[in-house]
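Remarks on the overall topology
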Amino acid sequence: MAARMSRLRGWSRAQRYGIAVCRQYSSGSAYPSVSLSTPLPGIPTPVFASVDGHEKYETKITTLENGLKVASQNKFGQFCTVGILVNSGSRHEAKYPSGIAHFLEKLSFSSTAQFGSKDEILLTLEKHGGICDCQTSRDTTMYAVSAEVKGLDTVVNLLSDAVLQPCLLDEEIEMTRMAVRFELEDLNMRPDPEPLLTEMIHAAAYRGNTVGLPRFCPPKNVEKIDRKLLHKYLQTYYCPERMVLAGVGIEHEQLVQCARKYLLNVKPVWGASTPANVDQSVAQYTGGIVKMVKDMSDVSLGPTPIPELTHIMIGLESCSFLEDDFIPFAVLNMMMGGGGSFSAGGPGKGMFTRLYLNVLNRHHWMYNATSYHHSYEDSGLLCVHASADPRQVREMVEIITREFIQMTGTAGEMELERAKTQLKSMLMMNLESRPVIFEDVGRQVLATGKRKLPHELCELISNVTASDIKRVTTKMLRSKPAVAALGELTELPSYEDIQAALSSKDGRLPRIYRLFR
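Per chain, residue numbering runs from 1 following the sequence as it is written. Reporting of local features is limited, given that this is a predicted model, to residues whose pLDDT is at least 70; pairs of side-chain atoms are given and counted only at 80 or more, and all residues count toward the totals for whole chains, interfaces and linings. To obtain the side-chain values, all non-hydrogen atoms of the structure were used and water was disregarded.

Of the regular secondary structure elements, the protein chain holds 17 helices and twelve strands. Residue burial is assigned from relative accessible area. The probe radius is 1.4 Å, only protein chains are included, and a residue is buried under 20% of its type maximum, exposed over 50%, and partly exposed in between. Here the protein chain holds 517 residues, and the buried ones make up 50% of them. Residue contacts are defined here by distance: any two heavy atoms, one from each residue, within 4.5 Å place the two residues in contact. Intrachain contacts of the protein chain at a sequence separation of at least 6 include 79% that bridge at least 24 residues. Only the protein chains shown count as cover for residues, and all accessible areas are computed by the Shrake-Rupley method using a 1.4 Å probe. By element, 55% of the accessible surface of the protein chain is carried by carbon and sulfur atoms, the whole surface being about 26600 Å². Counting from the N terminus, the helices are DSSP H or I runs at least four residues long and the strands are E runs at least two residues long.

Here's what the structure looks like:
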C-alpha cells in the first residue's frame, strides 16, 4: 500500500484522476484523439428537428361572427390547457355592490344546464385526466381546464356550460357566502400580510375608483349578493366581444371548430347581453394613505414565532402595460428586487438587487424589503413593501423613501445588464409552463387583440438603457405617494412628511424635535 501511494505521489494530478491521459482499448491499442465537435468516422450525420420560419411559434387568432376571439399556441405534448378569459373583474363593480367577482370565482364550475353538480363536472374531467380552476383579478376573470388533447371537444363544451349556463342555485350561493366569510377571516389572520397590503395600497392609490375598488367582498355585502344581482352583472359583462377562448397545446383549426360548435349561437341563461351598460371608467390615480392599526404580536405562535412587525407599503404611479415605458418599469422593478431577510440571499434570489444590497444587507433589523409592480390597461403602481419592529417604523420609512430618490441616479452598466438578464431569464423560464403560456396568450389577446412573442419582449428588454430608467423614475416621482400601513403605527410618520421626503433631494424625512420621548 505504501509503495502504491509513493508511486501515485510521483504522478501528475491528471494522471492520478485519469484526465486527458491517452486511454487504451483492452487489446492495447490507443483510442483515437478526436475532438467532440468533429463528426465520428462511420457514423451517419444526425438529423435535427427544425421548424419552418416562425409559424410554429406564432399565436394564431380568429374572431368569430359574434365577436368572440379564439387564440391558440401550438406546443408539443399530449395535454393541453384551454380556457375562457372575460374582461370582467372587481374594477367593473362601480355600479354594483363590491364582491360580485369574488362570488363568481367561488361559484365557478358548480351546477350547470348539462351538469348537475361540481362533482359531475370533476368526474367528466377525470376521464380525460383533467383539472379545472377559476381565478379573478381586478380586471380579468379566467376559467381554465388542463386535460388530454383528445378530450378537447368535451372540455370546450364544459367551459361553455360553466361560463354561459351556470344554475346559481340558492344552496350554492349560501355555501359561497360561507366560503367568502371564511376567506375574509383567514385574510386577517394569516402571517403573510402581502394580500391585505396589496388591497390597501390599491385603495390608497385609486381611492374609490376602478382598480381601487375592493377585490375581496366586503363583509357588509356578503348578504346583498344574490342570483338576481349576479345575472344583472353577467348580462352586462359576459358578452362574446369581451371574451377570449385561449388554448395551448392544440391545433388552431380544431379549437375554432369547437368554438363554433359550443360558443357561437349559445343563448346565456341570463338572456340577451347588454354591453351598452359596461362601465368605461378610466383609472384615476389619487394617492393617499390607508392605515389599519392591528395587534400583530400573536400572528405566528409556536416554537419559533415571528416577532411582532409593522408592515409599510409605499407606492407611486408607473404606467399601463400598453405603454412603451412598461418594459423600463419592469427592468426597474427587477433592479430593485429585494425579498425577506431569509429569502433574499443566495444565487439567483436577488442577492445583488438594490433592496438587498442597500437595505437588508445594511440594516439587520429589517425583516423584509420587496419591490412590486402592478400594471393595468390604463395605469400602474410600483411599490415597495417593508417590515420591521414597530419602534423602528420611522427609520424604515426613511430608508425606503431614500431608495425611491436614489432610483433617479444613473444605473451602473453591470447592475442594469444583470437586471435585464434576470428579467429575460424569469420571463423565458415562466413561459416553459403550459398554464403560464395559456394565461399570457389569453391576457394579451384580451387586452390588445394580438400577442407579443417572447423573443420580441426579450429584444425590448435588451434595448432598455440607463437613461430610460432615469426618465421613467423622474416621471414616477412627480406623482403623489400611496401608502398602506398595517400593525402598531405609533411611530409612523405623517402622510405629509412621507410626501415631503419623496419631493426632497435626499429622501430624508423632515426632522422632528421632542423634549420627551
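In this section: the environment of S297. Note on placement: S297 falls in the loop between β7 (288-293) and β8 (310-317). Classification of S297 as partly exposed rests on a relative accessible area of 36%. In this structure, the C-alpha to C-alpha distance between S297 and E488, residues 191 residues apart in sequence, is 9.5 Å.

A positive phi angle is found at F109, which is not glycine, with a value near 55 degrees. Checked against the element boundaries, F109 lands in the loop between α3 (100-107) and α4 (118-126). One non-glycine residue, L168, lies in positive phi territory at about 50 degrees. Positionally, L168 belongs in the loop between α5 (152-164) and α6 (170-189). When its relative accessible area of 3% is taken as the criterion, L168 is described as buried.

Turning our eyes to something else, we now look at α5. Helix length check: α5 (13 residues) gives 18 Å between terminal C-alpha atoms against 18 Å at 1.5 Å per residue, within 8%. By the criterion of burial, α5 is predominantly enclosed, with eleven of the 13 residues buried. Within α5 the residues assigned to the buried category are L152, V155, V156, N157, L158, L159, S160, D161, A162, V163 and L164. Contacts made by the buried residues of α5 are with β3 (79-86), α4, β5 (141-148), β6 (243-248) and α9 (252-263). To estimate the expected span of a helix, count its residues, drop one, and scale the result by 1.5 Å.

Here we come to the environment of A101. Its place among the elements puts A101 in helix α3. As a C-alpha pair, A101 and S137 span 36 residues in sequence and 8.3 Å in three-dimensional space. Setting aside residues no more than four positions away along its own chain, A101 makes contact with G89, S90, E93 and T136.

Turning to the sheet that holds strand β4 (residues 131-136), a few remarks are in order. At least two bridges found by DSSP between two strands is the condition for calling them paired. In spatial order, the strands read β1-β2-β6-β3-β5-β4; together these six strands make up an open sheet with mixed pairing. In this open sheet, the two strands that pair with only one neighbour each are β1 (60-63) and β4. Geometrically, the sheet is characterised by an average inter-axis angle of 15 degrees between neighbouring strands, direction not taken into account. Inspection of the sheet shows β1 paired to strand β2 (residues 69-73) by four bridges, in the antiparallel sense. Opposite T62, over in β2, you have V70 as the bridge partner. Interaxial angle, 0 to 180 degrees, is taken between N-to-C directions of lines fitted to C-alpha atoms, where a helix line uses only the stretch in contact.

Moving on, we get to the pairing of β3. The element β3 is largely enclosed, with a buried count of seven among its eight residues. When β3 meets β5, the two strands line up antiparallel, connected through eight bridges. Following the sheet pairing, I84 is matched in β5 by Y143. Where β3 and β6 come together, six bridges link them in antiparallel fashion. Paired with I84 across the strands is L245, a residue of β6.

For the protein chain, the mean per-residue pLDDT works out to 89, and 88% of the residues sit at or above 70. Of all the helices and strands in the protein chain, helix α2 (residues 13-17) carries the lowest mean pLDDT, 47, while β5 carries the highest, 98. Below pLDDT 50 for its whole length, residues 12-21 participates in seven contacts with residues either more than four positions away or in separate chains. Across residues 344-348, confidence stays below pLDDT 50; counting only partners more than four residues off in sequence or on other chains, it has ten contacts. Residue-level confidence of the predictor is summarised by pLDDT, bounded by 0 at the bottom and 100 at the top.

Turning to the packing of α3 against helix α8 (residues 227-237), a few remarks are in order. The N-to-C vectors of α3 and α8 enclose an angle of 100 degrees; their axes lie 11 Å apart at closest approach. In this view, α3 runs roughly perpendicular relative to α8, as classed from their interaxial angle. Here I100, F103, L104 and L107 of α3 lie close against α8, whose contacting residues are L229, L230, Y233 and L234. For this scheme, ten residues count as nonpolar: Ala, Val, Leu, Ile, Met, Phe, Trp, Tyr, Cys and Pro. Four count as charged, namely Asp, Glu, Lys and Arg, and the remainder, Gly too, count as polar. Residue composition of the contact of α3 with α8, by class: eight nonpolar, no polar and no charged. What sets the label is the angle itself: under 35 degrees gives roughly parallel, over 145 gives roughly antiparallel, 65 to 115 gives roughly perpendicular, and the rest give oblique.

What follows covers the side chain of S320. Position of S320 among the secondary structure elements: in the loop between β8 and α10 (326-336). Definition of a polar contact: a pair of N or O atoms within 3.5 Å, with one able to donate and the other able to accept a hydrogen when the atoms are protein atoms, and with sequence-neighbouring residues admitted only if both atoms are side-chain atoms. Looking at S320, its side chain comes within polar contact range of the main-chain nitrogen of L322, at 3.0 Å.

This next bit is on the nonpolar core. Residues V82, F109, V156, L230, Y238 and L245 are the most contacted members of the largest nonpolar core, which totals 75 residues. The dominant element in this core, judged by the number of residues it contributes, is α5, at eight residues. Setting aside its immediate chain neighbours within four residues, Y238 contacts V86, S88, L104, T141, Y143, V163, M243, W270 and S273. Throughout this description, the term nonpolar core refers to a set of buried Ala, Val, Leu, Ile, Met, Phe, Trp, Tyr and Cys residues connected via side-chain atoms within 4.5 Å. Counting residues in each nonpolar core, the second largest holds 51 residues, with M334, L416, I469 and I498 among its members.

A few words now on the sheet that holds β7. With mixed pairing, the six strands of this open sheet are ordered in space as β7-β12-β8-β11-β10-β9. On the outer flanks of this sheet lie β7 and β9 (338-340), each paired with one strand and no other. Strand-to-strand twist across the sheet, computed as the mean angle between neighbouring axes with direction ignored, equals 20 degrees. The pairing of β8 with strand β11 (residues 380-388) spans eight bridges and is classified as antiparallel. Its bridge partner lying in β11, G315 is registered against C383. Strand contacts of α10: β9, β10 (366-375) and β11, with the helix running at about 170 degrees to β10, the strand carrying the most contacts.

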